Amino acid sequence: MTNREITYLEAVREAMTQEMRQNQDVFILGEDIGIYGGAFGVTRGMIEEFGPERVRNTPISEAAIAGAAVGAALTGMRPILELQFSDFITIAMDQMVNQAAKTRYMFGGKGKVPMVLRTPSGSGTGAAAQHSQSLEAWMAHIPGLKVVQPSTAYDVKGLLKAAMDDDNPVIFYEHKLLYKTSGHVPEEQYSIPLGKADVKREGTDVTIVATAMMVHKALEAAAALEKEGISVEVVDPRTIVPLDEETIINSVKKTGRLIVVHEAVKRGGIGGEIASMIAESEAFDYLDAPIKRLGGLAVPIPYNPTLEKAAIPQIPDIIAAVKEVVKNK
Amino acid sequence: MTNLNVPASISNEKLKDLYKEMWLIRYFDEKVDQFFAKGLIHGTTHLCVGQEASAAGSIAVLESKDKIISTHRGHGHCISKEGDVNKMMAELFGRETGYCKGKGGSMHIADVEKGNLGANGIVGGGIPLAVGAALTSKMKNENYVVLCFFGDGASNEGSFHESVNLAAIWDLPVVFICENNQYGMSGPVKDMTRVENIADRASAYGIPGKIVDGCDMLEIMNTVDEAVEQARNGNGPTLIEMKTYRWKGHSKSDAKKYRTREEENEWRAKDGIKRFKTVLIEAGVLTEDEAQALQQQASQEIEDAVKFAEASPEPSIDTLEEDVFA
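Residues numbered from 1 in each chain as written. Chains lettered and ligands numbered in written order. Predicted model: local features only at pLDDT ≥ 70, side-chain atom pairs only at ≥ 80, totals over all residues.

As annotated in an unreviewed UniProt entry, chain B is Pyruvate dehydrogenase E1 component subunit alpha from Lysinibacillus piscis. Under the Catalytic activity (unreviewed entry) heading, UniProt states for chain B: "N(6)-[(R)-lipoyl]-L-lysyl-[protein] + pyruvate + H(+) = N(6)-[(R)-S(8)-acetyldihydrolipoyl]-L-lysyl-[protein] + CO2". (UniProt positions renumbered as here; feature names shortened; annotations may be inferred.)

As named in an unreviewed UniProt entry, chain A is TPP-dependent acetoin dehydrogenase complex, E1 protein subunit beta, taken from Lysinibacillus piscis. Turning to chain A, the UniProt record has this under Cofactor (unreviewed entry): "thiamine diphosphate".

What follows is the structure, encoded as structure tokens:
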């Protein structure tokens, strides 16, 4: 039992299921989450256990269901809103950005909006431009929203528990290519605090800060580079708001080099924020090479699989970037 | 009890209170208007002078546990939902004692404890929130009803369509109240909406639609009361359209070129406060002297609110980053 492995998708479902069993205020709403089980099957079986009152199958009305989640949260419920694809957050944007994020501040500290917006993001499924984006930097830009990007089955369960326990609106990005990945996940509930990065691999020559799917690409790159005598540390921030600056700073102070990798478009991406944070921090004096950012090209995600892959950083790109920053080692 | 045709919950005392409340709303917004003109309040504001009846009459039939969602033109709704004019005026002055500690201003006044889930700066932005609040009532068996106010302009937002449909399919305890004041900023409703009445849209959602003279307190109270009862009994939402008019411009700088002075005068003649007074006096609920006294009290309370606001401190700069997160 201690070494039980389940998938990332199952871990999401288990986190919700365990919470809903013990807290009647938690419910889930979204499109096709009932009998169908959600666009990716995350809620499969949940309506059978919890019934249609607590697993609310909704019309295709992203603005209304997002707003209904905000209004329900403001009045004492703890809703989980599933959006089928994170691209559809555009349709719910007013409710998340102008309402959920600002309500407490605008009201002078009265009221709270404890809700989680769960949504699959990222490319790699051939779903093309409107179903493949990584828009987390948009949400990270808005004061009042927390932004989570779990990369492993273990993390996704613990981070979702923390998100459901949080009294603020949390945008919870599940990378769709990670749903089928497996890992060790304890059966009991556990919480991973929002704002605590995880060093996924220790190293001494260069720090790679990577998010979501890129954590795995960075780890593969690190394994390949080890054979060439280059020691890579991989830091997964896990949450980009709040951002665990301390862990990143300490890592850069140790290695003296920083590469940031994300799938989102590089321009305006969170990598720029992390690079700037390091440039403004005490870690700047420790840098032995310029900071490098790897991110998606400024193109809509294309359909053709070769083009789709080329639009975002791949393992060889990460390896090349590492070799460049360590060349003066 | 009164011999007027009003809901059973409305006593003679309540009718008198409502008369005073309407004056409170009018005096509050007229005072705000003056202060803006003099540059004593900054930012912007949207006044509901002329629309007092739809706020006072609709909210009059609620129980204390019921909730409202308001709009950018929300001072009247706040006052009617047991709002404190001192805290409201202090908020407009940007003071620490205001409803939002000076951080929200006119468009974000809320009184969560009293069931006012807030004005809203986004046209149509509050409609989905009302549906969510009504969902809580249903899921937690709290048996409260949500009155969702919005304007004719908001009825052309997608959030209106999505939200009314959602509330309808789930039979949620919400009453949608469209205050049709004839203009969405400068856009005349007749140019922006093909149907003659916004209430006609109710049939598209399979719910009742009612059209009400928005200056007639008795008609408003009776219609909203019936819809609230329907909602409370689990029979779902109603869409009520109040035909009304804002006497002032859209916001503080509005030359009102899009409408005529004749039209404005026609609507001023329909003044809901005057009409309510006549009804109450004819029914023997109120004497002319009592009416004068209530009006005077309302005026005095607004003067006191101004004094309270002026005497209140500015928020400390130390509070700037407070309350972003709970």
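The structure having been displayed, the exposition proceeds.
Some words on the overall build of chain A
When helices and strands are tallied, chain A shows 12 helices and 14 strands. Radius of gyration (C-alpha) of chain A: 20 Å, near the 20 Å computed for a compact globule of 329 residues. Across its three principal directions, the C-alpha atoms of chain A cover 60 × 45 × 40 Å. Taken across its 329 residues, chain A has 56% of its residues classed as buried. Restricting to contacts in chain A with at least 6 residues of sequence separation, those with at least 24 account for 79%. (Helix = DSSP H or I, 4+ residues; strand = E, 2+ residues; numbered from the N terminus. Rg over C-alpha atoms; globule rule 2.2 N^0.38 Å. Buried ≥ 20, exposed ≤ 12 C-beta atoms within 10 Å, placed from the backbone. Contact = placed C-beta atoms within 7 Å.)

Focus on the nonpolar core
Among the nonpolar cores identified, the biggest contains 204 residues, and Ala-218 and Val-322 of chain A together with Cys-148, Val-174, Val-175 and Ile-240 of chain B are the most heavily contacted of them. Among the elements that make up this core, the one with the highest residue count is helix H1 (residues 12–37) of chain B (11 residues). Shared between two domains, this core holds at least three residues of each, these being domain 1 (5–184) and domain 2 (198–325) of chain A. With residues up to four places along the chain from it excluded, the contact list for Val-174 of chain B reads Ala-130, Val-131, Ala-134, Val-146, Cys-148, Ala-167, Ala-231 and Pro-237 of chain B. (Core = buried A, V, L, I, M, F, W, Y, C linked by C-beta atoms within 7 Å. Domains from an automatic or database assignment.)

Structural notes on the packing of H1 of chain B against helix H2 (residues 52–60) of chain B
Residues and elements named next belong to chain B. One can describe the packing of H1 onto H2 by two numbers: an axis separation of 9 Å at closest approach and a directional angle of 145°. For the pair H1 and H2, the crossing hand works out as right-handed. Across the interface between the two elements, Lys-14, Leu-18, Glu-21, Met-22, Ile-25 and Arg-26 from H1 touch Glu-52, Ala-53, Ala-55, Ala-56 and Ala-60 from H2. A class-by-class count of the residues in the contact of H1 with H2 yields 7 nonpolar, no polar and 4 charged. (Axes fitted to C-alpha atoms, helices over the stretch in contact; angles between N-to-C directions. Left-handed = near helix turned anticlockwise from the far one by under 90°. Nonpolar A, V, L, I, M, F, W, Y, C, P; charged D, E, K, R; others polar.)

What to know about the sheet that holds strand S2 (residues 146–151) of chain B
All names here are of chain B. Read from one edge to the other, the open sheet built from 5 strands follows the order S1-S2-S3-S7-S6, with strand pairing classed as parallel. Either end of the sheet is taken by a strand with one partner, and the two such strands are strand S1 (67–69) and strand S6 (209–213). Across this sheet, the average inter-strand angle for adjacent strands is 20°, counted without regard to direction. Relative to strand S7 (residues 238–243), S6 is paired through 5 bridges, and the arrangement is parallel. Bridge pairing in S7 places Ile-211 opposite Glu-241. Packing of helix H9 (residues 217–232) onto the sheet brings it into contact with strand S3 (174–180), S6 and S7, and relative to S7 it is tilted by some 165°. (Pairing = 2+ DSSP bridges.)

Here we look at the sheet that holds strand S13 (residues 258–265) of chain A
Residues and elements named next belong to chain A. Spatially, the 5 strands line up as an open sheet ordered S9-S11-S10-S13-S14, and their pairing is mixed. The open sheet has two free edges, formed respectively by strand S9 (198–201) and strand S14 (292–296), since each of these has just one partner strand. Adjacent strand axes in the sheet meet at a mean angle of 25° when their direction is disregarded. Bridging between strand S10 (residues 206–210) and S13 involves 4 bridges; their strand directions are parallel. Paired with Thr-207 across the bridge in S13 is Leu-258.

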